[in-house]
Amino acid sequence: MSEHYYTERPTVKRDVHTMQEVLRGKTYTFLTDAGVFSKKGVDYGSKHLIETMQLREDAKVLDVGCGYGPIGLSAAVMCPKGHVTMVDINERAIELSIDNARRNGITNVTILQSDLLEQVKEQRFDAVLTNPPIRAGKEVVHRIFTDAYDCLVDGGSIWVVIQKKQGAPSAMKKLESLYNEVTEVSKDKGYKILKATK
């Protein structure tokens, strides 16, 4: 069976390279590698989420499934008085995120290897951000929504990017079963940004 980017310890041969991306008008340098999600460049869904998400400058934020870090690091820049916790099951992704935070001079982050929200379930956040691992299956994606609800402060929100043809309707339904208010904030090229508020 071939490995997925949500493998805990990828064994696929390393293929490290550096790239630059402009996100919300800021240029970042990212180190990427084989065995992590979207290694050739920040994927369109993540970019759409980064451009759309709204965060207070002092927000406490959680990025679930951070990969090599584009969403969480962008959030940290948006929240200079806040703090972003970034989690991923993939140890290679975690190594890259730590490196990318350092190479972009971003210090208001905590980066942890975690199976979904396991390592942060006692913490509370103002916002949760996720480009969920659709290939891991609906059960995993929906568990992120459920666990995020428990980790959000009252009035906190989860921001989700999801493709219309990869489960957006069932994601919307699941979010509506958990959260007080669910809105489709934006849609572009088949990607929807959903915001659900506790």
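Structure: see above.
Now for a look at the structure at hand. (Residues numbered from 1 in each chain as written. Predicted model: local features only at pLDDT ≥ 70, side-chain atom pairs only at ≥ 80, totals over all residues. Heavy atoms only, no water.)

On to the packing of helix α1 (residues 44–52) against helix α2 (residues 70–78). As a packed pair, α1 and α2 sit with axes 10 Å apart at the nearest point and diverge in direction by 15 degrees. Put simply, α1 runs roughly parallel to α2. In terms of crossing hand, the pair formed by α1 and α2 is right-handed. The residues of α2 that touch α1, namely those facing S46, L49 and I50, are P70, I71 and S74. Looking at the contact of α1 with α2 residue by residue, the class counts come to four nonpolar, two polar and no charged. (Axes fitted to C-alpha atoms, helices over the stretch in contact; angles between N-to-C directions. Helix = DSSP H or I, 4+ residues; strand = E, 2+ residues; numbered from the N terminus. Parallel < 35°, antiparallel > 145°, perpendicular 65-115°, else oblique. Left-handed = near helix turned anticlockwise from the far one by under 90°. Contact = heavy atoms within 4.5 Å. Nonpolar A, V, L, I, M, F, W, Y, C, P; charged D, E, K, R; others polar.)

A word on unusual backbone geometry. Leaving glycine aside, a negative phi is the common case for residues, and trans is the common case for peptide bonds. Unusually for a residue other than glycine, L116 sits at a positive phi of about 55 degrees. With respect to the element layout, L116 can be found in the loop between β5 (109–113) and β6 (125–130). Residue class for L116 comes out buried when judged on its relative accessible area of 12%. The phi angle at K189 is positive, at roughly 50 degrees, despite the residue not being glycine. Its location among the elements puts K189 in the loop between β8 (181–188) and β9 (191–197). (Buried < 20%, exposed > 50% of the residue type's maximum accessible area, 1.4 Å probe, protein only.)

Taken together, the buried positions of α1 are G45, S46, H48, L49, I50 and T52. Contact partners of the buried residues in α1: β1 (17–23), α2, β6, β7 (152–163), β8 and β9.

With the rule as written, the count across this model stands at four aromatic pairs. Taking 5.7 Å as the distance between ring centres and 50 degrees as the angle between the ring planes, the aromatic pair formed by Y44 and Y191 counts as tilted. Here Y191 lies in strand β9 and Y44 lies in helix α1, a separation of 147 residues in the sequence. Classification of Y44 as partly exposed rests on a relative accessible area of 30%. Ring plane angle 80 degrees and centroid distance 5.2 Å describe the contact between Y149 and Y179, whose orientation is recorded as edge-to-face. In this pair, Y149 sits in helix α4 (residues 138–151) while Y179 sits in the loop between α5 (168–178) and β8, placing the two residues 30 residues apart along the sequence. Using a relative accessible area of 24% as the deciding quantity, one classes Y149 as partly exposed. Taken together, the aromatic side chains of Y28, F30 and Y68 make up a single cluster linked through ring pairs. Over the aromatic face of Y28 sits the side chain of K26, whose NZ or CZ is 5.2 Å from the ring centroid. (Phe/Tyr/Trp six-rings, centres within 6.5 Å; stacked < 30°, edge-to-face > 60°. Lys NZ or Arg CZ within 6 Å of the ring centre and 35° of its normal.)

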